[in-house]
Amino acid sequence: MLSDSNHDPLALVPLFASLQADDRALLLEQMQLVSLRKGEYLVRQGEEADCLYYVLRGRLDVLRDGHQLVAEIGSGEPVGEIAFFADTLRTADVMASRDSQLLRLGRSEFEQVSALQPQLVQSILRTFGRRLASATTGAPVLPPRVPDTIGLCPAGADTLPPDLVQDLCSALIAQAGSCHVLEAGHLPEGLDPDNEYLLSDWLAAQEKAHGRLLIVTGQGNPHWDKAALRHCDQLLLCGQLDRADEHTDAAVPLHALEADMLGRFRNRHIGLLLWRAHSGQAIAHTRRWLANRPAHLHHHVVRGNPAHFQRVARLLTGRALGAVFGGGGALGAGHIGALRALLNAGLELDIVGGTSIGSSVAMACAAGETPQQMMEAFNYFFLDKKAFGHYAPPLYGLIDQRHVDASLRERYGDTRLEDLDLNCYVVAANLSTNQSEILRSGPCWEAMRMSASIPVALAPWINRNGDVLVDGGLIDNVPASVMHGIKPGPNLVFMLSPGERWQVKTAYDQLPSRLRQLWQLLRGGKGQGDFPRIGQTVARSMQIASNSALVASRRSGDRLVQPPTVPGMALTAWKMGNAQEQAGYDYACRWLEQQGGLDALLAWRDGRH
Ligand SMILES: Nc1ncnc2c1ncn2[C@@H]1O[C@@H]2COP(=O)(O)O[C@H]2[C@H]1O
């Protein structure tokens, strides 16, 4: 509990700010102030409850069963209200994710304070209702909460270049309206950073005055560095990419502050910003930085390039536009056409992901390829190289995997996912663990190989642990929920249109005998009437696997881009790629108009609608 009686912490809370100072002082007498250090617990699951709390400043994690993060609670929100009102045991652990201060209210204090400030009850009920609503609708994977205070920490042997801090600050102001840089030198005279209460008060006042804060460390004041970073919601490690020695694969060593801080932040609150001096320098060796820095997102920027910093700012403030690309074989050319329309109109994507053919579109976007280049690669890969057109005996798969592998290696070379311009994820299905495998680093060709291994058609991929991996479309053909777990903010979800109900005229008993089927196959026939061929059955089955994505995306406010399928199009109709691309383009032009044009779409992205 705090003993310092001089300050007026309630003045910083919107709910109490409008009261007279005397009334606030009276209220404060009824409550207890509790301060928690980063990492300390407020309540533990299963404990008896005789009070609730109100967060004055800071942030707390709600953890079920000791480890599963179910929510992040920020300032101005109640905590511990469930057991308090329901008269049950605490439903979760609550732990401070940064240094935090709360008000504690026992039963009699709660009644007295409610009489003085009835809005407190309304505010608690509103939050209670929201939490209940998200629990009732089966909340999707929790996106990380947008940080108010971001700590910049030099990574490796580097110091933070002042222009880098300034560029990031300007981008945050441009994207989110506010940002203020704080360094040790800004501390008021006489304020000892080791005095946690005074520092906490001062930082809270800065947050209130300026909005978002960028805390700069590594300038020779270790007391400030440690104390200030404990008040941050997000740790952003900043290193110079091209410093990494090209001749070794070893991890870039952590310096003492980094090593200390990495243990104090959850991975989802750690970012890695890697800068290059010139755009001519290719991105390489990112893995040497990621090997010992478990960053949730990494950002590649060229110093002095405002567009790069604005992308980082959007990712940090919940305004980043994500794009998710679903599976669908040759129908994926429709994604490329839709992209052509949207990129031509001036849209920028900040983070991408996909599965199956959607993985290849996502990786091409992340590598900065134009839709024209994507289509050229599509036609070369599937038509000229016939990458999926060499057959194998029906033992491990119907397609010759060696030819597929060679074609993929030719397409992707040594490029790695973590070295692409944008954060990119690829989803495969791990049959050994019965779970989705989310790939965010490693060779692109391997990610593509796993993600495109349609069972039966292509032999599965076996990874270094001996796990068996196949096309992610089996579990989740439109992996939007993965995007929801990576970042907050809006997404475009590219998926196949369900089209009309699929009805087959050929009666089941008209299916020919196996000898006749063989005869039809050898003569290059199309099969019996319109009876579903293997590829069509797989494609439609994967579409069912898109349904859960539809529900999750609608709930999250994502926008769906669903190009129609051109007549006669099928999973392996690679020759119809160009027609499908054009259909995607035409559809997306109309779609953009329906959204109200680019400006309306950007307003939605920025939360201005
Ligand atoms: N799903 C949730 N969303 C937000 N907060 C929660 C959720 N579950 C539990 N909590 C908070 O964690 C607290 C744990 O103690 P209580 O059950 O008293 O009250 C709980 C809520 O304040």
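Quick notes on the rules
The numbers attached to residues start from 1 for each chain and follow its sequence in the written order. pLDDT decides what is reported in this predicted model: residues at 70 or higher carry local features, side-chain atom pairs at 80 or more are listed and counted, and totals for whole chains, interfaces and linings draw on all residues regardless. Only hydrogens and water are removed before side-chain values are computed, so all heavy atoms of the structure are retained for them. UniProt positions are given in the numbering used here, feature names are shortened, and annotations may be inferred rather than shown by experiment. Each cavity reported here is a set of points on a 1 Å grid over the protein atoms alone in which a 1.4 Å probe fits but cannot get out, each pocket an open set with protein on both sides within 12 Å along at least five of seven lines, and each lining residue one with an atom within 4 Å of a point. Grid points are joined across faces, edges and corners, and a volume is the space filled by probe spheres set on the points. Helical segments are the DSSP runs of H or I of at least four residues, strand segments are the runs of E of at least two, and each set is numbered from the N terminus. Residue type decides the class: Asp, Glu, Lys and Arg count as charged, Ala, Val, Leu, Ile, Met, Phe, Trp, Tyr, Cys and Pro as nonpolar, and the leftover types, Gly among them, as polar. The domain limits used here are those given by an automatic or database domain assignment. Summary of the metric used: pLDDT quantifies the predictor's per-residue confidence within the range 0 to 100. Two residues qualify as a contact provided that any one of their heavy atoms is within 4.5 Å of a heavy atom in the partner residue. Under this definition, polar contacts are N or O atom pairs within 3.5 Å; protein pairs additionally need one hydrogen-donor-capable and one acceptor-capable atom, and for neighbouring residues in sequence, both atoms have to be side-chain atoms.

With an unreviewed UniProt entry as reference, the protein chain is termed Cyclic nucleotide-binding protein, source organism Stenotrophomonas ginsengisoli. Looking at the protein chain in UniProt, the text filed under Sequence similarities (unreviewed entry) is "Belongs to the NTE family."

Asks: Help me understand empty space enclosed by the protein in this model?
Replies: Picture a little ball the size of a water molecule; that probe, rolled over the atoms, points out where space is still empty. With the rule as written, the count across this model stands at 4 cavities of 30 Å³ or more. In this structure, the largest cavity spans a volume of roughly 150 Å³. Taken together, 18 residues line the largest cavity, and the ones lying closest to its centre are Pro-144, Gln-234, Arg-268, Leu-297 and Leu-315. Among the secondary structure elements, those contributing two or more residues to the lining of the largest cavity are strand 13 (270-276), strand 14 (297-302) and helix 11 (306-317). Partitioning the lining of the largest cavity into residue classes produces 9 nonpolar, 6 polar and 3 charged. Looking at which domains feed residues into the lining of the largest cavity, each of domain 2 (149-317) and domain 3 (322-501 + 511-605) supplies at least three. If you add up the space inside the second largest cavity, you get close to 80 Å³. At the level of secondary structure, the elements contributing two or more residues to the lining of the second largest cavity comprise strand 1 (32-36), strand 8 (100-106) and helix 7 (196-210). For the lining of the second largest cavity, the element with the most residues is helix 7, which contributes 3 residues.

Asks: Just to check I follow, could you spell out the confidence of the model for the protein chain for this structure?
Replies: Predicted coordinates in areas of low pLDDT are best not read in detail. Mean pLDDT over the protein chain stands at 90; residues scoring 70 or higher make up 97%. The model gives residues 1-6 a pLDDT under 50, and that stretch makes 8 contacts with residues more than four places away or in other chains. This complex was scored by the predictor with a pTM of 0.87 and an ipTM of 0.98.

Asks: Can you help me understand the side chain of Asn-423 in this one?
Replies: Inspection of the secondary structure assignment puts Asn-423 in strand 17 (residues 423-430). A distance of 2.5 Å separates the side chain of Asn-423 from the backbone oxygen of His-298, its partner in a polar contact. Setting aside residues up to four positions removed in sequence, Asn-423 forms contacts with Leu-297, His-298, Ile-351, Val-352 and Arg-440.

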